[in-house]
Amino acid sequence: MLLLFESAKYEIESLQPFLGERYYRPLGAGLGQIDYVGYYYHAPAAHSVLILPKVFLKEGKVWGIYTPQEFFALQLSDKEQAKKEFQRTGKADFLFRFSVWLYQAIKIFKRRHPDSLLTDSADLQQIIEPEGQKQLSELEVINSLLHFQRDNPALFTFVKRYNTSQRHQVSWHRTVQKQTPVLQNGVPVYIETVNKRKAINADEELFVLFFSLLRHLNEAYGLKAELSPLYERLPKREFEKLLDGQGTRRLKQIRGNYYTDKLRQLWQLLYAYFDRAEHAKTHQGMREVVLVRDFNIVFEDMVDALLTDSTQPLPKALKEHKDGKILDHIYEYSSLLSPEDSIYHIGDSKYYSDTSALSKESIYKQFTYARNVIQLNIDLLNEGKLAQPLHYRDPLTEGYNVTPNFFISALVNDSLDFSKANLRPRPDSLQTNTHFADRLFDRDTLVLQAYNINFLYVLASYVTQNRQETVRFRQSTKQQFRQRLLDHLKSRYVFLKLTPTNQSLEDFVTQHFRLLNGRMYRPASFTDAILVALPKEQTRPKWLETMEAEVKDWELQ
C-alpha cells in the first residue's frame with residue numbers, strides 16, 4: 001500500500017500508474033495536487049493507495065523528515081528503506097488500523113447524509129466487478145481476518161490438542177488386520193500398533209492457509225499479527241501460487257469438511273481474500289474506491305456527532321442562515337451570566353494543517369454566525385416566541401447576554417492515540433470583537449475561543465459510536481468551553497450587583513441609562529437588581545459612588 005497525502009503536490013507522471021486522473025488537480029510544470037482523502041485501488045496496479053488527511057503532515061513533511069514527493073519516491077524506488085522507516089517510526093500497524101477506520105468513517109458519512117453534495121464529487125463504493133456484483137473490499141477482508149485471529153486464540157490450540165491426542169490413540173481394528181502378534185503364555189501381544197490418524201486433517205490445513213496468509217499480510221503491510229507456532233506456514237512460492245488462482249480452487253475442494261460456525265466463517269474469509277486477489281489480476285476494470293473530496297465536511301460531521309444530540313433536533317434556521325451561511329455546531333447550554341438561564345453555544349470545525357493559524361476571514365465569518373443567531377432569537381423574542389429558559393436580551397436594561405463562540409480544529413499527536421481527546425486551547429485562542437471596548441453587554445461585543453482536538457479520537461468515536469463515551473465527552477467538553485470563557489470574563493471584568501435603595505429598579509435604570517448602557521444586564525434570577533460589568537484595567541468610575549444603590553461584588557458561577 002502506497003501512502004499519499006491530501007493537499008500535497010506530486011509529479012503527475014509518478015501518480016498516473018496508481019491513481020485515476022480525476023483524483024488529482026494539474027498545477028502546471030508537471031505537478032498535480034491531491035484534493036481527496038481515502039482508499040483507492042484500480043487493477044492491474046501493483047499497489048493500492050491510501051491518501052491520508054493533511055493533518056498528518058508535520059510542518060509540511062512526512063514524520064517531519066520527508067516532503068510528500070520524497071517519501072512517495074522512496075516507496076517506489078527503495079521498498080526496503082521505506083519499510084524500515086515504517087518500522088523505525090512504529091507507524092506500520094497504526095496506518096493499517098487507521099485506513100480501516102477512515103474507510104468506515106466515509107461510509108458512515110454516506111449513510112448519515114445520502115443527499116449531501118459530497119456524493120456528487122466522490123466515489124463511495126466497494127469492489128465492483130465488471131458484471132456489477134458487489135464484494136467486500138480488501139481492507140474489510142483483512143480487518144475481518146485480523147479480528148478472527150484476535151477473537152479466537154483458544155480455537156487454534158484446541159484443534160491442535162485434539163488432533164494430537166487422536167494421533168496417539170490405538171486403532172485396534174487396523175492393528176489386528178495389519179500386524180502379526182507374538183504369543184506369550186497363549187496371549188497375543190502386538191509389538192507394534194497402528195494409531196488413529198487421518199491422512200489429511202482438514203482443520204489443520206485451513207489453519208495453515210490462515211497463518212500463511214497472516215505472514216503475507218505482515219510482510220505486505222508491516223502488521224504485527226501473531227503467528228501461532230503450532231502450525232507450519234507454506235513456502236512463499238507455494239503461497240504465491242494460491243494468490244494466482246489456486247487458493248480458491250483448493251478452498252472449494254475442502255469446503256465440505258467444515259461444519260462448525262467458526263471454521264465455516266474462517267473458510268469464507270479466506271475464500272473472500274483469495275477470490276479478490278485472483279480478480280485483481282484477471283479483471284482489468286475492478287476498482288476499490290472510497291475517496292472523498294472536501295474531507296473538511298466529513299470532519300465537521302464527526303465533530304458534530306460528538307457535540308450535539310441528534311435525538312434533540314433544533315430549528316433548521318439556527319444552522320442554515322438566511323445569508324446562505326451554514327453553521328457547523330450549535331447547542332443549548334447554561335448561560336455564562338446565570339446558570340438558571342440558557343443560551344445557544346455556537347461553534348465551527350476547522351480542518352487545518354498543523355501550521356495553519358486562524359485566518360481573519362474565518363474569525364470574521366464566525367462572528368457573523370454569532371450575529372445571525374442573536375438576531376434570529378431576538379426576532380423570536382419580539383414575537384413572544386422565545387422559549388424559556390433561553391435569555392438573549394433583557395427588556396429592562398436592553399443589555400445582551402454573552403454568546404459563547406468557539407473553533408475546534410484537528411491535530412494528530414505523536415502518540416497516535418485513539419483513546420484520548422486531548423482537547424486543548426490553541427495558542428491563538430480568545431479573539432474579541434467590540435464596538436465599545438468597555439461594554440460587555442453590548443450586542444457587538446463578541447468573544448471567540450479556539451481549541452485543538454485529537455483527530456484520531458474524533459475518528460474513533462465516529463466509527464465505534466460508543467454512546468457512553470460520547471455522552472461523557474459531550475458533558476465534560478461543554479462544561480470546559482463554558483468554564484474557560486467564564487474564567488476569561490472574570491479576568492477582564494469586575495462584576496457588581498446593584499440594588500437600588502430609594503427607588504424602583506425601573507426608575508433607577510431609566511435615570512442612569514446613559515451611564516450604564518451596554519454595561520448592565522439583568523439575569524432572569526435578578527428581580528430587584530442588575531448586573532454591571534466594568535473593565536478591570538479601568539479605575540472604578542466616580543459616578544458609581546453617586547448612585548443610590550447597594551453595590552456588591554458578584555461572582556459568576
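Residue numbers here run from 1 along each chain, matching the order of that chain's written sequence. Per-residue local features of the predicted model are confined to residues with pLDDT of at least 70, and side-chain atom pairs are confined, for both listing and counting, to 80 or more; whole-chain, interface and lining totals are unaffected and use all residues. The basis for every side-chain value is the complete set of non-hydrogen atoms in the structure, without hydrogens or water.

Caption draft 1: Layout of the packing of aromatic side chains. Between rings of Phe, Tyr and Trp, where Trp is taken as its six-membered ring, a pair exists when centres lie within 6.5 Å; planes separated by under 30 degrees are stacked, by over 60 edge-to-face, and by other angles tilted. Tallied over the full model, the rule gives 30 aromatic pairs. Ring geometry for Phe98 against Phe455: centres 6.3 Å apart, planes inclined by 50°, an arrangement best described as tilted. Of the two residues, Phe98 is situated in helix 4 (residues 92–112) and Phe455 in helix 13 (residues 455–464); the sequence distance between them amounts to 357 residues. Of the two residues, Phe98 and Phe455, neither departs from the other in class, the shared state being buried. What links up through ring pairs into an aromatic cluster is the set Phe148, Phe156, Phe207, Phe210, Phe211 and Tyr231. The ring of Tyr331 has Lys478 lying over it, and the distance from NZ or CZ to the ring centre is 4.4 Å. Here a strand is any run of E in DSSP of at least two residues, a helix any run of H or I of at least four, and the numbering for each starts at the N terminus. Buried residues are those whose accessible area, probed at 1.4 Å on protein chains only, stays under 20% of the maximum for their type, while exposed residues exceed 50% and partly exposed ones sit between those limits. By definition here, charges over rings are those cases where NZ of Lys or CZ of Arg is within 6 Å of the ring centre and within 35 degrees of the ring normal.

Caption draft 2: Spotlight on the nonpolar core. Within this scheme, the nonpolar core is defined by two criteria: the residues are buried Ala, Val, Leu, Ile, Met, Phe, Trp, Tyr or Cys, and they are joined through side-chain atoms within 4.5 Å. Counting 112 residues, the largest nonpolar core has Phe56, Phe98, Leu270, Met302 and Phe455 as its most contacted members. With 12 residues, helix 4 is the largest single contributor of residues to this core. Setting aside residues no more than four positions away along its own chain, Met302 makes contact with Ala105, Phe295, Phe455, Val458, Leu459 and Tyr462. Note on contacts: a residue pair qualifies if any of its non-hydrogen atoms lie within 4.5 Å across the two residues.

Caption draft 3: Fine view of the side chain of Asp442. Assignment of secondary structure puts Asp442 in the loop between strand 18 (431–433) and strand 19 (446–454). Note that His is not counted, nor are the chain ends; the positive residues are Lys and Arg, and the negative ones are Asp and Glu. Put simply, a salt bridge is a Lys or Arg side-chain nitrogen that is within 4 Å of an Asp or Glu carboxyl oxygen. For the buried residue Asp442, which engages in no salt bridge, the nearest side chain bearing the opposite charge is Arg439, 5.2 Å off. At 2.9 Å, the side chain of Asp442 forms a polar contact with the backbone nitrogen of Asp444. With residues up to four places along the chain from it excluded, the contact list for Asp442 reads Tyr400, His435, Phe436 and Gly518. Counting of polar contacts relies on pairs of N or O atoms within 3.5 Å, with two restrictions inside protein: one atom must be capable of donating a hydrogen and the other of accepting it, and residues adjacent in sequence are counted only when both atoms are side-chain atoms.

Caption draft 4: Representation of the packing of helix 11 (residues 295–307) against helix 14 (residues 467–492). Between helix 11 and helix 14, whose axes approach to 8 Å, the crossing angle comes to 85°. Put simply, helix 11 runs roughly perpendicular to helix 14. Judged by residue contacts, Ala305, Leu306 and Leu307 of helix 11 engage Thr470, Phe473, Arg474, Thr477 and Lys478 from helix 14. Here the axes come from fitting lines to C-alpha atoms, over the contacting stretch only for helices, and the angles between their N-to-C directions go from 0 to 180 degrees. Reported orientations rely on four angle classes, namely roughly parallel under 35 degrees, roughly antiparallel over 145, roughly perpendicular from 65 to 115, and oblique for the rest.

Caption draft 5: Local environment of the environment of Leu337. Considering the arrangement of structural elements, one finds Leu337 in the loop between strand 14 (329–334) and strand 15 (342–350). Exposure remark for Leu337: the relative accessible area of 4% places this residue in the buried category. Sequence separation of Leu337 and Phe495 is 158 residues, and the distance between their C-alpha atoms is 9.9 Å. Ignoring sequence-local partners within four residues, the contact set of Leu337 consists of Asn401, Val402, Phe441, Tyr521, Leu531 and Leu556.

Caption draft 6: Seen up close, the sheet that holds strand 21 (residues 520–521). Across the sheet, 4 strands lie side by side as 21-22-20-23; this open sheet has antiparallel pairing. Edge positions in the open sheet fall to strand 21 and strand 23 (549–553), since each of these has one partner strand only. Relative to strand 23, strand 20 (residues 493–500) runs antiparallel, the two sharing 5 bridges. Residue pairing in the sheet places Pro500 in a bridge with Ala549 of strand 23. Packing against the sheet, helix 14 makes contact with strand 20 and strand 22 (530–535), and its axis sits at approximately 80° to strand 20. Strand pairing is defined by DSSP finding a minimum of two bridges between the two strands.

Caption draft 7: Structural view of the pairing of strand 3 (residues 24–28). Both strand 3 and strand 4 (residues 31–34) contribute to a ladder of 4 bridges, which runs antiparallel. Pairing of Pro26 across the sheet is with Gly32, part of strand 4. The turn linking strand 3 back onto strand 4 is made up of 2 residues, and Ala29 within it adopts a positive phi angle of 60°.

Caption draft 8: Representation of the sheet that holds strand 4 within the structure. Strand order in the open sheet formed by 3 strands is 2-4-3, and the pairing between neighbours is antiparallel. Both edges of this open sheet fall to strand 2 (9–11) and strand 3, since each of them pairs with a single strand only. Adjacent strand axes in the sheet meet at a mean angle of 40° when their direction is disregarded. One ladder, built from 3 bridges, connects strand 2 with strand 4; its direction is antiparallel. Each bridged residue has a counterpart across the sheet, and for Glu11 the counterpart in strand 4 is Leu31.

Caption draft 9: How the structure looks around the pattern of salt bridges. Counting across every chain of the model gives 15 salt bridges. With its nearest N and O atoms 3.6 Å apart, the salt bridge here joins Asp35 to Arg293. Highlighted residues: Asp35 in the loop between strand 4 and strand 5 (36–42) and Arg293 in strand 13 (residues 287–293), separated in sequence by 258 residues. For Asp35, a relative accessible area of 13% corresponds to the buried category. Owing to a relative accessible area of 28%, Arg293 belongs among the partly exposed residues under this scheme. Arg472 is the partner of Glu469 in a salt bridge, and the nearest nitrogen-oxygen pair spans 2.7 Å. Residue Glu469 and its partner Arg472 are located together in helix 14, separated by 3 residues, close to a single helical turn. Looking at Glu469, the relative accessible area reads 24%, which means it is partly exposed. What makes Arg472 partly exposed here is its relative accessible area of 42%.

Caption draft 10: Examining the environment of Phe56 more closely. Of note, Phe56 is situated in the loop between strand 6 (49–52) and strand 7 (57–58). Sequence-wise, Phe56 and Phe455 are 399 residues apart; in three dimensions their C-alpha atoms are separated by 9.4 Å. Ignoring sequence-local partners within four residues, the contact set of Phe56 consists of Phe5, Phe94, Phe98, Val412, Phe455 and Leu456.

Caption draft 11: Quick look at helix 5 (residues 138–151). Over its 14 residues, helix 5 runs 20 Å from end to end, which matches the ideal 20 Å to within 8%, given 1.5 Å per residue. Where helix 5 is concerned, the buried positions are Glu138, Leu139, Glu140, Val141, Ile142, Leu145, Leu146, Phe148 and Gln149. By this rule the span expected of a helix is its residue count minus one, scaled by 1.5 Å.

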